[in-house]
Amino acid sequence: VSYKWVHPDEEAIHNSNGVAAKISFSPIEYFAIEGGYDYASFKTEDMSTRANNWTYGGLGYFPIGCSNNFHGLGRVGGISEHEKISGVGDSTVNGVYAGGGLRYLLDNDAELEGNITYSHVEEDTANWDYEVAGLYPIIDKLAVKASAAINDNKDIALAGGLRYSF
């Protein structure tokens, strides 16, 4: 679960606040099923938008080199975006995403991760997202997570939260 702050690269849109949650389950080694929810609220001078985004998909991860601490990552899945725009109404669009990344597991269970993701929603909305993240354990099975991301529209997102592993 994370708190998320977004700075859109458009003067008319104010900075956004929101929350994000993600869950994953690994039924077999090197594969996980994952799902996520993201809420954000955007405002301009004359309207506001509330966005609810759902993601669902699969993640494959595999060791690189001789060490089991360095992994390649591959993701594919679907996206469902629902927006409520004041004075305009509701809209729902669906799409897909695919991406890859690298993860390094440090000796004390801390993690560093970098990801590149391509998402395509409807016919004219496609984005490349670039993200770096770090996790640091604070107690058994609970870690603090921080991430920074930028997309090809130059929107910047910062997030901080907790991850619980069971």
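See the structure shown above.
The rules behind the values
Residues numbered from 1 in each chain as written. Predicted model: local features only at pLDDT ≥ 70, side-chain atom pairs only at ≥ 80, totals over all residues. Heavy atoms only, no water. Helix = DSSP H or I, 4+ residues; strand = E, 2+ residues; numbered from the N terminus. Rg over C-alpha atoms; globule rule 2.2 N^0.38 Å. Contact = heavy atoms within 4.5 Å. Areas by Shrake-Rupley, 256 points an atom, 1.4 Å probe, with all protein chains shown as cover. Lys, Arg positive; Asp, Glu negative; His and termini not counted. Charge placed at Lys NZ, Arg CZ, Asp CG, Glu CD. Phe/Tyr/Trp six-rings, centres within 6.5 Å; stacked < 30°, edge-to-face > 60°. Buried < 20%, exposed > 50% of the residue type's maximum accessible area, 1.4 Å probe, protein only. Salt bridge = Lys/Arg side-chain N within 4 Å of Asp/Glu carboxyl O. Pairing = 2+ DSSP bridges. Axes fitted to C-alpha atoms, helices over the stretch in contact; angles between N-to-C directions.

A short note on the overall build of the chain
Phase 1: Counting its regular elements, the chain contains 0 helices and 10 strands.
Phase 2: Start at the N end of the chain and walk to the C end: the helices and strands fall as β-β-β-β-β-β-β-β-β-β.
Phase 3: Computed over its C-alpha atoms, the radius of gyration of the chain comes to 17 Å, within 12% of the 15 Å expected for a compact globule of 166 residues.
Phase 4: Dimensions of the chain, computed from the C-alpha atoms along their principal axes, are close to 55 × 30 × 25 Å.
Phase 5: Look at the contacts in the chain between residues 6 or more apart in sequence, and 39% of them connect residues 24 or more apart.
Phase 6: Of the roughly 10400 Å² of accessible surface on the chain, 60% is carried by carbon and sulfur atoms.
Phase 7: Averaging the coordinates of the 11 positive side-chain charges in the chain and doing the same for the 23 negative ones gives two points 7 Å apart.

Some points on the packing of aromatic side chains
Phase 1: Overall, the coordinates contain 5 aromatic pairs when judged by the stated rule.
Phase 2: When the ring of Tyr37 is compared with that of Trp54, the centres are 4.6 Å apart and the planes differ by 50°; the resulting orientation is tilted. With a gap of 17 residues between them, Tyr37 in strand β3 (residues 31–43) and Trp54 in strand β4 (residues 48–63) connect regions that are remote in the sequence.
Phase 3: Exposure remark for Trp54: the relative accessible area of 48% places this residue in the partly exposed category.

Some remarks on the pattern of salt bridges
Phase 1: A complete count under the given rule lists 4 salt bridges for this structure.
Phase 2: Note that Lys4 and Asp38 form a salt bridge whose closest N and O atoms lie 2.9 Å from each other. Of this pair, Lys4 sits in strand β1 (residues 2–7) while Asp38 sits in strand β3; the two residues are 34 residues apart in sequence, bridging distant segments of the chain.
Phase 3: According to the relative accessible area criterion, Lys4 is partly exposed, its value standing at 26%.

Section: the pairing of strand β9 (residues 142–151)
Phase 1: Where strand β8 (residues 125–139) meets β9, 10 bridges bridge the pair, whose relative direction is antiparallel. When the sheet's bridge partners are listed, Tyr136 is paired in β9 with Val144.
Phase 2: From the end of β8 to the start of β9, which pair antiparallel, there are 2 residues, and Lys141 there has a positive phi angle of about 70°.
Phase 3: The pairing of β9 with strand β10 (residues 156–164) spans 9 bridges and is classified as antiparallel.

Observations regarding the sheet that holds β8
Phase 1: If you walk around this closed barrel you meet the 10 strands as β1-β2-β3-β4-β5-β6-β7-β8-β9-β10, and the pairing is antiparallel. For this sheet the average axis-to-axis angle between neighbouring strands, irrespective of direction, equals 20°.
Phase 2: Pairing between β1 and strand β2 (residues 16–28): 5 bridges, direction antiparallel. Pairing of Lys4 across the sheet is with Gly18, part of β2.

Concerning the pairing of strand β6 (residues 89–105)
Phase 1: In this structure, strand β5 (residues 70–85) lies alongside β6, joined through 16 bridges in antiparallel fashion. Among the inter-strand pairings, Phe70 is bridged to a residue of β6, identified as Tyr104.
Phase 2: Between β5 and β6, which pair antiparallel and follow one another directly, the connecting turn spans 3 residues, one of which, Gly87, has a positive phi of 80°.
Phase 3: As defined by bridge partners, β6 adjoins strand β7 (residues 111–121) across 11 bridges and the pair is classed as antiparallel. Across the sheet, the residue bridging to Ala98 is Tyr118, located in β7.
Phase 4: What sits between β6 and β7 in their antiparallel hairpin is a turn of 5 residues, with Asp109 showing a positive phi close to 75°.

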